[in-house]
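Structure assessment
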Amino acid sequence: MAETESRFQQSLQKYLLPVAKKIENQVHIQAVKEGMMSIVPIIIIGSFCLLSIALMNILPEGNSVAAFIGSHLDKFMLPFNFTMGIISLYSAFFIAESLARKYKMNSIEIGITAVICQFIVGAEVIDGGFGTANLDAQGLFVSIIVSLGIVEITRFLNSKSLVIRLPKDVPSIVAKSFNNLVPMVINIVVFTVISILSFEFAGKAFPQVIMSVLAPAIQSIDNIFAVMLILFLTQLLWFFGLHGAAITSSVWLPIATTYMATNANNIAAGGEAAHIFTMGFYYSILSVTGSGITLGLVFLMMRSKSDTLRPIGKVAFIPSLFGINEPVIFGTPIVLNPFLFIPFIFAPPIIGGISYLLFSAGFIGYPIVEPPGFLPPGVGAFIMTLDWKAVILPFVNIIVMGLIYFPFFKAMEKAQLLKEQNEKEEEEDDAFDF
């Protein structure tokens, strides 16, 4: 059995790790991930405005507080309109800035160019002004296309020296501005043409065209099978010492961000949340206390008889409460640990699948707010849903995972105690070695 497991692990290392490392080091994927992570604080601020609507709906009809909120709702939602309402503009800037920085280009100027082009393809001219309906969550995937495209076009023009270069005695800030002028003009022309063609041939804005094309792929991730697969791959990568969440989130984070923004827009419009798999759901439910939901394992280690495992458990306890479990993953270690292979890789997808079913069945409210990261168990879940039942689920997941870890931990502890006993006997023998 051990030999079969070893061969299986070797095969995974041979075929899986090269692919994972390429994804981890691919600059475009990393730029998208970093850009999406950069807009999370904006999403949090915008979604917190929805608490006013939630409070108004919770309070009984005729309540003075509810009436006050209702009569001033436009003021309560003002930050929402300029955060979540135009979230794709911020996404375009941060993704373009991140990729340009990786190429050592003028990242700020390129980021601003991305914002301009996102405006061009997303906004609609209405009576001398412009509408922002396509600049919210619907424009997030377009912001990826726009930002990556702008950086690559600018990079190509720079490589061909198709830029204005001023003499060296010109101030650097002026030189940089003119250096970016030609690429900015060309990028604006390119995306203006795209916007015009979109309206001429499809009769709608470019973001609407892209969303209609991507609709099947976008919807496919918000289901139990996709959630379980994501968790399985994440745990598998962690087991081999790679940051599983960082790698897999390169794929699911843009979609999860779109889901949360869509939920927020629905709530703001008086509708209901439509999606479960958001970033808050992932971190507050699926990987509460860290990937693998390891707080139960940490507690077992704290009470261990092993002089090696017990200190690690004590050191890892406080960070684990806030979702930081690298100390236990690399300190135990869980990485390449045959004793913890099964519970660490296979149990979280099952727990995640059950959690998803509880949400989809309506036992727990859908995510309506994006909670801040690194919150203790239950806190983020409540902020995310405003449902008291959501507070219970993370603790149930922690307890169940602890019970699953228990027999595997005891086997590991037994082997560790035997190892420590042998080392102690060797030290005693060395002490009498004359």
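The present account deals with the structure reproduced in this document.

The rules behind the values
Residues numbered from 1 in each chain as written. Predicted model: local features only at pLDDT ≥ 70, side-chain atom pairs only at ≥ 80, totals over all residues. Heavy atoms only, no water. Helix = DSSP H or I, 4+ residues; strand = E, 2+ residues; numbered from the N terminus. Expected span 1.5 Å × (residues − 1). Buried < 20%, exposed > 50% of the residue type's maximum accessible area, 1.4 Å probe, protein only. Polar contact = N/O pair within 3.5 Å; in protein donor to acceptor, adjacent residues only side chain to side chain. 1 Å grid on protein atoms, 1.4 Å probe; cavity = no way out; pocket = protein on both sides within 12 Å on 5 of 7 lines; lining within 4 Å. Points joined across faces, edges and corners; volume = space filled by probe spheres on them. Nonpolar A, V, L, I, M, F, W, Y, C, P; charged D, E, K, R; others polar. Core = buried A, V, L, I, M, F, W, Y, C linked by side-chain atoms within 4.5 Å. Contact = heavy atoms within 4.5 Å. Salt bridge = Lys/Arg side-chain N within 4 Å of Asp/Glu carboxyl O. Patch = residues over 30% accessible without salt bridge, like charges linked within 9 Å, V, L, I, M, F, W, Y side chains within 5 Å. Areas by Shrake-Rupley, 256 points an atom, 1.4 Å probe, with all protein chains shown as cover. Axes fitted to C-alpha atoms, helices over the stretch in contact; angles between N-to-C directions. Left-handed = near helix turned anticlockwise from the far one by under 90°. Arc of directions from axis to C-beta.

Spanning 12 residues, helix H2 (residues 27-38) covers 16 Å between terminal C-alpha atoms, matching the ideal 16 Å at 1.5 Å per step. All of the buried residues along H2 are Gln 30, Ala 31, Val 32, Lys 33, Gly 35 and Met 36. With a side-chain oxygen positioned 2.9 Å from the backbone nitrogen of His 28, the residue opening H2 is Gln 26.

Below, the discussion takes up the layout of surface pockets. By volume, the largest pocket amounts to about 690 Å³. Sort the elements by how many residues they give to the lining of the largest pocket and helix H16 (residues 279-286) lands first, with four residues. Classifying every residue of the lining of the largest pocket by side-chain character gives 20 nonpolar, 13 polar and three charged. Taken as a whole, the second largest pocket holds about 420 Å³ of empty space. At the level of elements, helix H4 (50-58) and helix H15 (244-268) are the ones that each hand at least two residues to the lining of the second largest pocket. Among the residues forming the lining of the second largest pocket, the class breakdown is 11 nonpolar, five polar and one charged.

Further remarks concern the nonpolar core. Nonpolar side chains in soluble globular proteins tend to be buried together. Judged by nonpolar contacts, the single largest core of 108 residues is most densely connected at Trp 252, Phe 277 and Phe 281. Per-element tally for this core: the top contributor is H15, with 11 residues. If near-sequence neighbours (up to four positions away) are discounted, Phe 281 is found in contact with Ile 276, Leu 286, Tyr 356, Phe 359 and Met 384. By size, the runner-up hydrophobic cluster in this structure holds six residues, among which are Ile 86, Phe 93, Ala 123 and Leu 135.

A separate point is the pattern of salt bridges. Following the criterion strictly, the structure yields seven salt bridges and no others. Taking the shortest distance from any N to any O, the salt bridge between Glu 34 and Lys 102 comes out at 2.9 Å. You can see Glu 34 sitting in helix H2 and its partner Lys 102 sitting in helix H8 (residues 87-102), a full 68 residues away along the chain. By relative accessible area, Glu 34 is classed as partly exposed at 27%. On the basis of relative accessibility, which here comes to 31%, the residue Lys 102 falls in the partly exposed class. In this structure, Glu 413 and Lys 410 form a salt bridge, with 2.8 Å as the shortest nitrogen-oxygen distance.

Turning our eyes to something else, we now look at a nonpolar patch on the surface. On the surface, Ile 164, Leu 166, Phe 178, Leu 181, Val 185, Val 189, Val 193, Leu 197 and Phe 201 cluster together into a nonpolar patch covering about 760 Å² of accessible area. In terms of residue count, helix H12 (residues 181-202) provides more of the nonpolar patch than any other element does, six residues in total.

One way to put it is that helix H14 (residues 224-239) packs onto H15 with a least axis distance of 7 Å and a crossing angle of 145 degrees. As for how H14 packs across H15, the hand of that crossing is right-handed. Facing H14, whose interface residues are Ile 230, Leu 233, Thr 234, Leu 237 and Trp 238, H15 presents Gly 244, Ala 245, Ile 247, Thr 248 and Trp 252. When the residues that make up the contact of H14 with H15 are grouped by side-chain class, the tally is seven nonpolar, three polar and no charged.

Viewed as axis vectors pointing N to C, H8 and helix H10 (residues 140-159) meet at an angle of 30 degrees, and their least axial separation amounts to 8 Å. Judged by the twist between their axes, the crossing of H8 over H10 is right-handed. Residues Ile 87, Ser 88, Ser 91, Ala 92, Ile 95, Ala 96, Leu 99 and Ala 100 of H8 pack against Leu 140, Ser 143, Ile 144, Ser 147, Leu 148, Val 151 and Glu 152 of H10. For the contact of H8 with H10, the per-class residue count stands at 10 nonpolar, four polar and one charged.

Bringing the side chain of Ser 306 into the picture now. By the element assignment, Ser 306 lies in the loop between helix H17 (295-302) and helix H18 (309-321). Taking the relative accessible area as the measure of exposure, Ser 306 reaches 0% and is therefore buried. Side-chain polar atoms of Ser 306 contact the side chain of Glu 420, separated by 2.6 Å. Ignoring sequence-local partners within four residues, the contact set of Ser 306 consists of Pro 311, Glu 413, Gln 416, Leu 417 and Glu 420.

It is worth spelling out the environment of Leu 236 at this point. Structurally, the position occupied by Leu 236 is in helix H14. With a relative accessible area of 5%, Leu 236 lands in the buried category. When the C-alpha atoms of Leu 236 and Leu 17 are compared, they prove to be 10.0 Å apart, with 219 residues separating the residues in sequence.

Attention now moves to H12. When the terminal C-alpha atoms of H12 are compared, their 31 Å separation across 22 residues agrees well with the 32 Å that a helix rising 1.5 Å per residue should span. Of all the residues in H12, the buried ones are Pro 183, Asn 187, Phe 191, Ser 195 and Ser 198. Considered in projection along H12, the buried side chains sweep an arc of 100 degrees and stay on one side of the axis. Turned more than 90 degrees off the buried face of H12, the exposed positions are Glu 200 and Phe 201. Downstream of H12 by a residue or two, Gly 203 has a phi angle that is positive, lying close to 75 degrees.

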